[in-house]
Amino acid sequence: MKKNRPFVLYKQEDNGLLWMIPVSKAPKEKYEKVMSEGFKSIIKYSFVKTPSYILIQNIIPISYYHIRGRYLYNGIQVRITNKKICNTIGKQSKKIIAMITYDTYYFSSEIKYMYKKQLEYQKLKEQELELRENEDSDI
């Protein structure tokens, strides 16, 4: 995965797991051909007048501890404000997350691996927090 690639937050689960979607500023030829073939999990969107592609099929699970900062463009926080685009992202993301969590996502074994590792990581963090709370209450 590209270092410092911008991502947009899709969803935060109750256990703290975050689902992030990568954004690419690759030349349009790279994604336009795939999109013209009916591939629905890539969306063209302009962030602050910069054409970009939201790569829903590459959605990844991470924890809050892995986020370095906000997605800024010339100092402006980037947000998706188009409701139609947000709805499309929501529908496509829900399908992909369901496939990942039920272990039927065939596109990337790395994403399934990341999901399982992030769940393990979240459990460890919760256990550490419990231990600290128990130690504090014993004092």
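Everything below is about the structure shown above.
Conventions adopted
- Residues numbered from 1 in each chain as written.
- Predicted model: local features only at pLDDT ≥ 70, side-chain atom pairs only at ≥ 80, totals over all residues.
- Heavy atoms only, no water.
- Helix = DSSP H or I, 4+ residues; strand = E, 2+ residues; numbered from the N terminus.
- Buried < 20%, exposed > 50% of the residue type's maximum accessible area, 1.4 Å probe, protein only.
- Contact = heavy atoms within 4.5 Å.
- Areas by Shrake-Rupley, 256 points an atom, 1.4 Å probe, with all protein chains shown as cover.
- 1 Å grid on protein atoms, 1.4 Å probe; cavity = no way out; pocket = protein on both sides within 12 Å on 5 of 7 lines; lining within 4 Å.
- Points joined across faces, edges and corners; volume = space filled by probe spheres on them.
- Nonpolar A, V, L, I, M, F, W, Y, C, P; charged D, E, K, R; others polar.
- Pairing = 2+ DSSP bridges.
- Core = buried A, V, L, I, M, F, W, Y, C linked by side-chain atoms within 4.5 Å.
- Salt bridge = Lys/Arg side-chain N within 4 Å of Asp/Glu carboxyl O.

Caption draft 1: The arrangement of the overall build of the chain in detail. Broken down by element type, the chain carries 3 helices and 7 strands. Burial statistics for the chain: of 139 residues in total, 36% are counted as buried. Sequence-distant contacts in the chain: of pairs separated by 6 or more residues, those separated by 24 or more amount to 63%. By element, 52% of the accessible surface of the chain is carried by carbon and sulfur atoms, the whole surface being about 9,900 Å².

Caption draft 2: Local environment of the environment of Met 20. Position of Met 20 relative to the elements: it lies in strand β2 (residues 18–24). C-alpha separation for the pair Met 20 and Ser 63, spaced 43 residues apart in sequence, amounts to 9.8 Å. Once you skip the residues sitting within four places of it in the chain, Met 20 turns out to touch Phe 7, Val 8, Leu 9, Asn 58, Ile 59, Ile 60 and Ile 62.

Caption draft 3: Highlighting the layout of surface pockets. Taken as a whole, the second largest pocket spans an internal volume of roughly 170 Å³. If you trace the second largest pocket, you find it lined by Asn 15, Gly 16, Ser 63, Tyr 64, Tyr 65, Gln 122, Lys 125, Glu 126, Glu 128, Leu 129 and Arg 132. Of the residues assigned to the lining of the second largest pocket, the class counts are 3 nonpolar, 4 polar and 4 charged.

Caption draft 4: How the structure looks around the pairing of strand β1 (residues 7–12). Sheet analysis places β1 next to β2, joined by 5 bridges and oriented antiparallel. Note on β2: the bridge partner recorded for Leu 9 is Met 20.

Caption draft 5: Looking closely at the nonpolar core. In this structure, Phe 47, Ile 54, Ile 80 and Ile 89 are the most contacted members of the largest nonpolar core, which totals 20 residues. Elements represented by at least two residues in this core include exactly β2, β3 (42–47) and α2 (83–101). Here the element with the most residues in this core is α2; it accounts for 5 residues. When near neighbours in sequence (up to four residues on either side) are disregarded, Ile 54 contacts Ile 21, Pro 22, Ser 41, Ile 42, Ile 43, Tyr 45, Phe 47, Ile 80, Ile 85 and Ile 89.

Caption draft 6: Examining the environment of Ile 59 more closely. Along the chain, Ile 59 falls in the loop between β4 (50–55) and β5 (60–62). Accessibility expressed as a relative area gives 0% for Ile 59, which makes it buried. Sequence separation between Ile 59 and Ile 96 is 37 residues; the distance between their C-alpha atoms is 7.9 Å.

Caption draft 7: Geometry of the pattern of salt bridges. Tallied over the full model, the rule gives 1 salt bridge. Of the charged contacts in the structure, one is a salt bridge between Glu 128 and Arg 132, with a shortest N-O distance of 3.6 Å. Linking Glu 128 with Arg 132, this pair stays in helix α3 (residues 109–138), spanning 4 residues, or about one helical turn.

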